Amino acid sequence: MATKTAIEKGEERSAKRQEPGALAEFGGGALGKWTEFTSFLRDVRAEMRKVVTPSPKEVRVTTGVVIIAVFLFGFFFFIVDNIFSAAIMGPHGILSRLGGLQ
């Protein structure tokens, strides 16, 4: 039992926990890791139940969109590259005016 002054100061020795030994720490750590691992597997299973496989029609449509987008971006960058090449290296380009191309 705690003394009157210890209770007033909020110090109760019977409530103080002892540090666990090495064996208890190992067992608790392994058990805690196993619990975390099983919880992780439960979460993975729950997320995998939410996964929906697209239909063949959806795959064809999205593939078509990707192919068209690749060609459009390729054409865009081709045009931009030609404009910059002409501006930098053409007969009246920046490098010609600075004497870089002789």
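Everything quoted here is computed from the prediction, not taken from an experiment.

(A) Just the overall build of the protein chain, in detail. When helices and strands are counted, the protein chain shows four helices and zero strands. Each helix (α) and strand (β) of the protein chain, taken in turn from the N terminus, gives the series α-α-α-α. When the 102 residues of the protein chain are sorted by exposure, 3% land in the buried category. Accessible surface, the protein chain as shown: approximately 9900 Å² in total, 67% of it carbon and sulfur.

(B) Fine view of the environment of Gly90. With respect to the secondary-structure elements, Gly90 resides in the loop between α3 (56–89) and α4 (94–98). Gly90 sits in the buried class, given a relative accessible area of 13%. In this view, Gly90 contacts Ser85 and Ser96; residues no more than four positions away in its chain are not counted.

(C) Fine view of the pattern of salt bridges. Summed over all chains, the structure comprises one salt bridge. Between Glu47 and Lys50 there is a salt bridge, with the nearest N and O atoms lying 3.3 Å from each other. A residue pair is termed a helical-turn pair when its members lie 3 or 4 positions apart in one helix, as Glu47 and Lys50 do in helix α2 (residues 22–50) at three residues. Judged by relative accessible area, Glu47 falls into the partly exposed class, the value being 45%.

(D) Main features of the confidence of the model for the protein chain. Looking at the protein chain, the pLDDT average stands at 81 and 69% of residues meet or exceed 70. The secondary structure element of the protein chain with the lowest average pLDDT is helix α1 (residues 4–9), at 59, and the one with the highest is α3, at 95.

(E) Looking closely at the packing of aromatic side chains. In this structure the tally under the stated criterion is two aromatic pairs. Consider the rings of Trp34 and Phe37, whose centres lie 5.9 Å apart with planes at 40°: the pair is tilted. Pair noted here: Trp34 and Phe37 are both in helix α2, with a separation of three residues, about one helical turn. Looking at Phe37, the relative accessible area reads 40%, which means it is partly exposed. A centroid spacing of 5.2 Å and a plane angle of 65° characterise the contact between Phe76 and Phe77, whose relative ring orientation is edge-to-face.

Definitions and cut-offs
Residues numbered from 1 in each chain as written. Predicted model: local features only at pLDDT ≥ 70, side-chain atom pairs only at ≥ 80, totals over all residues. Heavy atoms only, no water. Helix = DSSP H or I, 4+ residues; strand = E, 2+ residues; numbered from the N terminus. Buried < 20%, exposed > 50% of the residue type's maximum accessible area, 1.4 Å probe, protein only. Areas by Shrake-Rupley, 256 points an atom, 1.4 Å probe, with all protein chains shown as cover. Contact = heavy atoms within 4.5 Å. Salt bridge = Lys/Arg side-chain N within 4 Å of Asp/Glu carboxyl O. pLDDT = per-residue confidence, 0-100. Phe/Tyr/Trp six-rings, centres within 6.5 Å; stacked < 30°, edge-to-face > 60°.

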